[in-house]
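# Descriptive structure summary
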Amino acid sequence: MRVFDSNWMQIADYLLRDDRIVLPVGSTEQHGYLSLGTDAVLAERVSVEAAEPLGVPVLPVLPFGMAPYFVEYPGSMSLRMSTYIEVIRDLLDCLAYQGFRRIAVINGHGGNAPVAGLIREWVCAPRAERVEVLFHSWYNAPKTAEAASRFDDDQFHGSWLENFAWTRVDGAEIPGGSAPVLPRSLADNVTAREMRELSPDGSLGGAYQRSDEDMRVVWDAGVAEVRELLEKGWLDQ
């Protein structure tokens, strides 16, 4: 149930019987030959497919995140950490005020991980009623990562792991073979300009693509893991 496919009265009716909602968060940034919206597209799609059978509403994805290391690639956007934290705080405040008591933040971008600290702080603030917030990075959650590792342990940014039919763009021919894997210790410490020099095409390493059959295995694991979270991941069931 996409919130954009509902009016406010339908959401108000929903709140009479359930208090769950999903907030997908992603990023707008280079992904090599794949869409600049890859992280946002995947976060929203995995949320919708997971939540649909449960009738849980899904907000539109927050398409901007923290990606300062990619700003040398045109089209890549990055929010300051202070800005991003306050955006998430405002959204959580709004949802809690309206009566949502179980909020799942489904994350599609590694750079957004620091917001987990804000969520922990927010949950601990005194309130008349408990509000639970789950922060779930779907792409490297245990069962999804296990499914991906059946095929290849090299699972880095802009590689096969994010190459789905719905993240490819018209007119972009994706190479065969693999890109050299950029050591993670190095990737975590270079400037934006150095990143562009180290990875001219934007892939940080590993195979560029795998079969759609393989990718379906990974995707199905991701959807199932998010759905399980929405069903069973709450303290207050």
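Notes on the structure in this doc start here. For clarity, every value in this text was computed on a predicted model and none was experimentally measured.

Within helix 5 (residues 142-149), the full set of buried residues consists of Thr144, Ala147 and Ala148. Down the axis of helix 5, the sector holding all buried residues measures 100 degrees, keeping them to one side. Structural note: helix 5 exposes Pro142 and Glu146 on the side pointing more than 90 degrees away from its buried face. In this structure, the buried residues of helix 5 make contact with helix 8 (212-232).

Moving on to the packing of aromatic side chains. Throughout the structure, instances matching the rule amount to 7 aromatic pairs. Both rings, one in Phe70 and one in Tyr73, keep their centres 5.9 Å apart while their planes meet at 75 degrees; by these two values the pair is edge-to-face. Summarising the burial analysis for this pair, Phe70 and Tyr73 share the class buried. An angle of 10 degrees between the planes, with centres 5.5 Å apart, marks the rings of Phe164 and Trp166 as stacked.

Turning our eyes to something else, we now look at the nonpolar core. Grouped together as the largest cluster of nonpolar side chains are 49 residues, with contacts concentrated most on Ile88, Leu92, Ile103, Ile106, Val133 and Trp138. When near neighbours in sequence (up to four residues on either side) are disregarded, Val133 contacts Leu92, Ile103, Val105, Ile119, Trp122 and Val123. Residues Phe70, Phe156, Val190 and Met195 belong to the second largest nonpolar core, which totals 9 residues.

The 3 strands lie next to each other as 1-2-3, forming an open sheet whose pairing is parallel. Single-partner strands in this sheet number two, and they are strand 1 (20-25) and strand 3 (132-137). Geometrically, the sheet is characterised by an average inter-axis angle of 20 degrees between neighbouring strands, direction not taken into account. Sheet topology note: the strand 1/strand 2 (residues 102-107) ladder contains 6 bridges and is parallel. Note on strand 2: the bridge partner recorded for Ile21 is Ile103. Sitting on the sheet, helix 2 (residues 38-51) touches strand 1 and strand 2, and the angle it makes with strand 1 is about 160 degrees.

Quick notes on the rules
- Residues numbered from 1 in each chain as written.
- Predicted model: local features only at pLDDT ≥ 70, side-chain atom pairs only at ≥ 80, totals over all residues.
- Heavy atoms only, no water.
- Buried < 20%, exposed > 50% of the residue type's maximum accessible area, 1.4 Å probe, protein only.
- Helix = DSSP H or I, 4+ residues; strand = E, 2+ residues; numbered from the N terminus.
- Arc of directions from axis to C-beta.
- Contact = heavy atoms within 4.5 Å.
- Phe/Tyr/Trp six-rings, centres within 6.5 Å; stacked < 30°, edge-to-face > 60°.
- Core = buried A, V, L, I, M, F, W, Y, C linked by side-chain atoms within 4.5 Å.
- Pairing = 2+ DSSP bridges.
- Axes fitted to C-alpha atoms, helices over the stretch in contact; angles between N-to-C directions.

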